[in-house]
Amino acid sequence: PGKILKRVVLNPGTKFETLNYKLSNGINVIYKKTDFEKDKIYMNFFKEENSSNYSKSKYYNSIFTPYMLINSGVGNLTPEEYEQFKKGKNFSITPYLRDYTQGFEIISDSENLGTSLTVLNSIITDKKFDDIILKTLLDKNREKIINQDNSPIFNFSKTITSSLFKEHYRRQPLTLDNLSSVNKNEILN
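Residues numbered from 1 in each chain as written. Predicted model: local features only at pLDDT ≥ 70, side-chain atom pairs only at ≥ 80, totals over all residues. Heavy atoms only, no water.

This brings us to the packing of aromatic side chains. Inspection of every chain in the model, using the stated rule, returns four aromatic pairs. Look at Tyr82 and Phe85: their rings are 6.4 Å apart centre to centre, the planes differ by 25 degrees, and that puts the pair in the stacked class. You can see Tyr82 and its partner Phe85 sitting in helix 2 (residues 79–86), three residues apart, about one turn around the helix. Here the aromatic cluster, defined as three or more aromatic residues joined through ring pairs, consists of Tyr59, Tyr60 and Tyr169. (Phe/Tyr/Trp six-rings, centres within 6.5 Å; stacked < 30°, edge-to-face > 60°. Helix = DSSP H or I, 4+ residues; strand = E, 2+ residues; numbered from the N terminus.)

So, in structure tokens, the structure goes:
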């Protein structure tokens, strides 16, 4: 918990007006009230830590981390039990790890806000990665990689991307060799 140290209005009097709260625990909160989708709450928890300076192997593992976080179950719930738990509840949590930021996006209604935050806390504090989910994910990607060269659209896109980004590994489609460096311990790290 933190206390509000500072409150600043950004872009006052414009449609982009927001409130910025600096908390004693180091968290910076930016709040924007809207008059549309009255029962929707959009939150983005992020920090400026990223995959842009990862080694090749670490980068390939980081691609799968968000998927594994949200699909391996939550707390003491298996993936199947978590899906059952979510039925009828109006919230979603999407982890991400990008070139310059990482975090979680939450969309919820007011009724499920507490539940979504509890689930987020559980995902962060009790990470788990299901071996079956990882195997299935890697198998699907292997099959996709094997079949992608049969697509003219894929080959056209790959040519453009290779030209634009000088074949940098971060902007190239995954290969079977890339998948061979993916493992559970690296994803957990």
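Every other side chain in a regular strand lies on the same face of the sheet, so the side chains alternate between the two faces. The sheet contact formed by strand 5 (residues 91–97) and strand 6 (residues 102–108) spans seven bridges and is antiparallel. Across the sheet, the residue bridging to Ser92 is Ile107, located in strand 6. Two successive antiparallel strands, strand 5 and strand 6, enclose a turn made up of four residues. (Pairing = 2+ DSSP bridges.)

Attention now moves to empty space enclosed by the protein. Evaluation of the coordinates by the stated rule reveals one cavity of 30 Å³ or more. When its volume is computed, the largest cavity comes out at roughly 30 Å³. In terms of lining residues, the largest cavity is bounded by Leu69, Gly73, Val74, Gly75, Ser122, Ile123, Asp126, Lys127 and Lys128. The residue makeup of the lining of the largest cavity, split by class, is three nonpolar, three polar and three charged. (1 Å grid on protein atoms, 1.4 Å probe; cavity = no way out; pocket = protein on both sides within 12 Å on 5 of 7 lines; lining within 4 Å. Points joined across faces, edges and corners; volume = space filled by probe spheres on them. Nonpolar A, V, L, I, M, F, W, Y, C, P; charged D, E, K, R; others polar.)

Our next topic: the pattern of salt bridges. Tallying each qualifying case throughout the model produces six salt bridges. The partner of Lys47 in a salt bridge is Glu49, with the nearest N and O atoms 3.4 Å apart. For Asp131, the salt bridge goes to Lys184, with nearest N and O atoms at 3.1 Å. Taken together, the residues Asp131 in helix 4 (residues 131–148) and Lys184 in helix 7 (residues 184–188) connect sequence positions 53 residues apart. (Salt bridge = Lys/Arg side-chain N within 4 Å of Asp/Glu carboxyl O.)

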